[in-house]
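# Results of the structural survey
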Amino acid sequence: FGTEAQGIDAAASALADGQPYVLTPTASTNPDALEQLRRLVLDLGMRPVILSPEVHDRLVAQVSHLPYLLALALRALAQAEAQEVAGPAFRDATRVAQSPAALWREILRQNRADVLAALDRFTARLGEIREDLERGEVDRVLEATR
C-alpha cells in the first residue's frame, strides 16, 4: 500500500485502512512477539498476513516490483507526442514510476531472482496476448485469466 509521494505532507490517515501488513517470522521469531505484532496490526486497522520471508519475496515481486518495472517501461516507451494525449489510464499505469529510484535500487538488488521470475512469466503472457491479437482473437486477449 502507499503512494509514490513521500514525506509528512503525503501522510493520509486512511491510507492503511484494511490494507495487508505482512509479518515474516523465521524459525527464531518469538511466537509471543509475533502475536503482539499481529494484534498491533489489527488495532491499526490493517489486515495481518503471515508469510515466510521467501513466500513474501515471491509474491511482492509479482504485485509490487513487476508493476514498478512495467510503469518504468511504459513511461519510457511513450513518445512525448503520445504523452500530450495521455489520460487517466496512462497516469494510473505509470504513477508508481515516480517513486524514488533509491528505494527501488535496493529492492531490485535484494529480490532479483523473484523479480526475474515474475518478469519471465509476464513476458510469456504478453507473448501469448500478442499472438492472439495477431490472429484477430480479441475475445481471447480480453480474458482476464487463462
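Heads up: these notes are all about the structure in this document. (Residues numbered from 1 in each chain as written. Predicted model: local features only at pLDDT ≥ 70, side-chain atom pairs only at ≥ 80, totals over all residues. Heavy atoms only, no water.)

### Some details on the overall build of the chain
- A count of helices and strands for the chain gives 7 helices and 2 strands.
- For the chain, the sequential pattern of α-helices and β-strands runs β-α-β-α-α-α-α-α-α.
- Along the first, second and third principal axes, the C-alpha set of the chain runs to 55 × 35 × 30 Å.
- The buried share of the chain, taken over its 146 residues, is 15%.
- In the chain, the share of contacts with a sequence separation of at least 24, taken over all contacts with a separation of at least 6, comes to 63%. (Helix = DSSP H or I, 4+ residues; strand = E, 2+ residues; numbered from the N terminus. Buried < 20%, exposed > 50% of the residue type's maximum accessible area, 1.4 Å probe, protein only. Contact = heavy atoms within 4.5 Å.)

### Some points on a nonpolar patch on the surface
- Residues Leu37, Leu40 and Leu44 make up a contiguous nonpolar surface patch of about 280 Å² in total accessible area.
- Examined against the element boundaries, leucine 37 turns out to sit in helix 1 (residues 31-43).
- Using a relative accessible area of 41% as the deciding quantity, one classes leucine 37 as partly exposed. (Patch = residues over 30% accessible without salt bridge, like charges linked within 9 Å, V, L, I, M, F, W, Y side chains within 5 Å. Areas by Shrake-Rupley, 256 points an atom, 1.4 Å probe, with all protein chains shown as cover. Salt bridge = Lys/Arg side-chain N within 4 Å of Asp/Glu carboxyl O.)

### Considerations on the pattern of salt bridges
- Going through the model one piece at a time under the given rule, you end up with 9 salt bridges.
- A salt bridge links aspartate 132 to arginine 135; the nearest nitrogen and oxygen atoms lie 2.5 Å apart.

### A closer look at helix 1
- Helix length check: helix 1 (13 residues) gives 18 Å between terminal C-alpha atoms against 18 Å at 1.5 Å per residue, within 8%.
- Where helix 1 terminates, the next one or two residues include glycine 45, which has phi positive at roughly 85 degrees. (Expected span 1.5 Å × (residues − 1).)

### Notes on the packing of aromatic side chains
- Per the stated rule, a full pass over the model turns up 1 aromatic pair.
- Between the aromatic rings of tyrosine 68 and tryptophan 104, the centroid separation amounts to 4.0 Å while the plane-to-plane angle is 5 degrees, which identifies the pairing as stacked. A residue pair is termed long-range when its members are at least 10 positions apart, and tyrosine 68 in helix 2 (residues 53-77) and tryptophan 104 in helix 5 (residues 101-110) qualify at 36 residues.
- Taking relative accessible area as the criterion, tyrosine 68 reaches 4% and is therefore assigned buried. (Phe/Tyr/Trp six-rings, centres within 6.5 Å; stacked < 30°, edge-to-face > 60°.)

By themselves, these are just geometric observations and shouldn't be taken as functional.
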